[in-house]
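As a plain string of letters, each chain reads:
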Amino acid sequence: MESRIQYSPVRSYQRFKATDRALVLVNRGPESLPYHIMDISEGGLSFRYLGQKLKRSEVKKISLYYNEQLIVDDIPIKTISDHRLRDNIIPVRRGSIRFQELEPDKLSKLEKFIQQFTEAPLPVA
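All residue numbers refer to positions counted from 1 along the written sequence of the respective chain. Whole-chain, interface and lining totals are the exception, using all residues; otherwise, since this is a predicted model, local features are given only for residues with pLDDT of at least 70 and side-chain atom pairs are given and counted only at 80 or more. As a rule here, side-chain values cover all heavy atoms of the structure and leave hydrogens and water aside.

Engineer: Describe the side chain of D82, listing the residues and the values that go with them.
Structural biologist: Labels follow the DSSP assignment, with helices taken as runs of H or I lasting at least four residues and strands as runs of E lasting at least two, numbered in each case from the N terminus. Its place among the elements puts D82 in strand β6 (residues 69-86). In protein, a polar contact means a hydrogen-donor-capable atom and an acceptor-capable atom, both N or O and within 3.5 Å, with residues adjacent in sequence counting only if both atoms are side-chain atoms; elsewhere, any N or O pair within 3.5 Å suffices. Reaching out from D82, the side chain makes a polar contact with the side chain of Y49 at a distance of 2.4 Å. Side chain to side chain, D82 and R93 meet in a polar contact 2.8 Å long. In this analysis, two residues are considered to be in contact whenever any of their non-hydrogen atoms come within 4.5 Å of each other. Every residue in contact with D82, bar those within four places of it in the chain, is listed here: Y49, K53, L54, R93, R94 and G95.

Engineer: Quick one: what's the story with the packing of aromatic side chains, residue by residue and with numbers?
Structural biologist: For Phe, Tyr and Trp, where Trp contributes only its six-membered ring, two rings pair if their centres lie within 6.5 Å, and the inter-plane angle classes them as stacked under 30 degrees, edge-to-face over 60, or tilted in between. Considering all chains together, one arrives at five aromatic pairs under this definition. Considering the side-chain rings of Y35 and Y49, the 5.2 Å spacing of their centres and the 45 degrees angle between planes classify their relative orientation as tilted. Taken as a pair, Y35 in strand β3 (residues 33-40) and Y49 in strand β4 (residues 44-50) lie far apart in primary sequence, 14 residues in all. Take Y35 and Y49: they sit in the same class, and that class is buried. Following the ring pairs from residue to residue traces out a cluster consisting of Y35, F47 and Y49. Throughout, exposure labels follow a simple rule: accessible area from a 1.4 Å probe, protein chains only, divided by the maximum for the residue type, with under 20% read as buried, over 50% as exposed, and the rest as partly exposed.

Right under this line is the structure:
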């Protein structure tokens, strides 16, 4: 008998490991800080940071940088998750965000960012 259950990958887009100098600026007004991107896809990204958990209500847009060069500005996002990675004196956290609908020019810049500033595809999980 054929199963009616259909399986689909958890992720819609292939994720890529970001290079060391790929940064995301979480736009929170005067408290904005750049964080290291862990992995990125056309659908979203994850980043690591130190300190207390970011408030979801404060995070509406992000910008992507390589070194100090702005590559894509004001990408609308939705926060997916935020959790602690390690128990240290200063907590290391991982934030995950999903990109909202992007204008064609921002999507093109995002695709170029992924091509230029990532190392390798991550396994599908």
